[in-house]
Amino acid sequence: MQSRHFVTITKASDQRLIASKVGVADTSLRRMVGLLGRSDLGSEQGLWIKPCSGVHTLGMRFPIDVVGLDADFCVVRLWPLLKAHRITAIVPAVRTVLELASGRITHCELRPGDRLHIREYEVT
């Protein structure tokens, strides 16, 4: 049986949970597929795309929140409530991107400059 790679994401400053079941898109195929084919995201689900400096929601069926992180996992750019069929700017300072359930940026009070802690785990 093949294991699947996930991460849990918290705010470093107060350990507030951002998302607890975030898939990792770290291959060309996983980055290409992304969230396509899904009909929604649970409030604590998401996708961590690495490397990545911008995303699109072409072909998606629902809006998402997008968080751009630098190499130190600090928030560089926020795209809240990104609707389906949109394309973000490419931001050179962004090294990885989190795609989260719509509304998580506001709910978790994420701001540029926030540092996130990413803990990896495997599920078999």
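For the structure itself, look to the data block above.
This structure is a prediction, so every number in the text was calculated from the model and none was measured.

Draft legend 1. Expanded view of a nonpolar patch on the surface. On the surface, a cluster of nonpolar side chains totalling about 390 Å² of accessible area is made up of Leu29, Met32, Val33 and Leu36. Judged by relative accessible area, Met32 falls into the exposed class, the value being 59%.

Draft legend 2. Seen up close, the nonpolar core. Core analysis: the largest hydrophobic core is formed by 18 residues, its most contacted members being Ile9, Val67, Leu98, Leu110 and Leu116. Counting only elements with at least two residues in this core, the list comes to strand S1 (4-11), strand S2 (17-25), strand S4 (64-69), strand S5 (75-82), strand S6 (96-101) and strand S7 (116-123). Ignoring sequence-local partners within four residues, the contact set of Leu110 consists of Lys11, Ile18, Val67, Leu78, Ile105 and Leu116. The next biggest cluster of nonpolar side chains, apart from the first, holds 17 residues, and it includes Ile49, Phe62, Leu82 and Val94.

Here is what the cut-offs are and how they apply
Residues numbered from 1 in each chain as written. Predicted model: local features only at pLDDT ≥ 70, side-chain atom pairs only at ≥ 80, totals over all residues. Heavy atoms only, no water. Patch = residues over 30% accessible without salt bridge, like charges linked within 9 Å, V, L, I, M, F, W, Y side chains within 5 Å. Areas by Shrake-Rupley, 256 points an atom, 1.4 Å probe, with all protein chains shown as cover. Salt bridge = Lys/Arg side-chain N within 4 Å of Asp/Glu carboxyl O. Buried < 20%, exposed > 50% of the residue type's maximum accessible area, 1.4 Å probe, protein only. Core = buried A, V, L, I, M, F, W, Y, C linked by side-chain atoms within 4.5 Å. Helix = DSSP H or I, 4+ residues; strand = E, 2+ residues; numbered from the N terminus. Contact = heavy atoms within 4.5 Å.

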